[in-house]
Amino acid sequence: MKILIINGPNLNLLGKREPGIYGTMSFDQYFDSLKTLYPIVDLSYFQSNNEGDLLDCLHKEGFNQDGIILNAGAYTHTSVAIADAIAAINSPVIEVHISNVYKRETFRHHSFLSPVVKGVIAGFGMESYRLALEAFINQD
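Worth saying up front: this structure is predicted, and the values here are computed from it rather than measured. (Residues numbered from 1 in each chain as written. Predicted model: local features only at pLDDT ≥ 70, side-chain atom pairs only at ≥ 80, totals over all residues. Heavy atoms only, no water.)

What to know about helix H4 (residues 80–88)
Among all positions in H4, only Ile82, Ala83, Ala85 and Ile86 are buried. What you see down the axis of H4 is that its buried residues fit within an arc of 160°, all on one side. Facing away from the buried surface of H4 by more than 90 degrees, the exposed residues are Ala87 and Ala88. Among the structural elements, helix H3 (51–61), strand E3 (67–71) and strand E4 (93–97) are those in contact with the buried residues of H4. By the N-cap criterion, in which a side-chain oxygen at the helix start approaches the backbone nitrogen of a residue two or three places on, H4 is capped by Ser79, the distance to Ala81 being 3.4 Å. (Buried < 20%, exposed > 50% of the residue type's maximum accessible area, 1.4 Å probe, protein only. Helix = DSSP H or I, 4+ residues; strand = E, 2+ residues; numbered from the N terminus. Arc of directions from axis to C-beta. Contact = heavy atoms within 4.5 Å. Polar contact = N/O pair within 3.5 Å; in protein donor to acceptor, adjacent residues only side chain to side chain.)

Focus on the UniProt feature "active site" (unreviewed entry) in the protein chain
The positions UniProt marks with the feature "active site" (unreviewed entry) are Tyr22 and His97. Secondary-structure assignment places His97 in strand E4. Contacts of His97, omitting those with residues within four sequence positions, involve Asn71, Thr76, Val120, Ile121, Ala122, Gly123, Phe124 and Ser128. (UniProt positions renumbered as here; feature names shortened; annotations may be inferred.)

In structure tokens form, the structure reads like this:
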């Protein structure tokens, strides 16, 4: 099984950025733990702060992955282009958020991506990624 995790803007700062919301572990550390927990899964990872790079990654990888776990960060709430890219690819996408976006500012309550993804997982910290991975592994 091939699963790609894509992180959007500012998620390269995990472990440093607002630790009260996002925790103190870097995503690289967390990704290494996922690879250890799931050795049978071919896990890969991409991060960019640029919307165009995220689109290019979805276009390139969206036809050869068994699943994509996407945390588009703030682009979740603004990007019709990312929603269109998800709708255009064959690989199923699960939208994840580290924080519970519904407990935060109201502008974070709307996702342009939710209508075109397989599911949404939010509010479980970094474990949101593992829960999405489990959803792909255990799908019928």
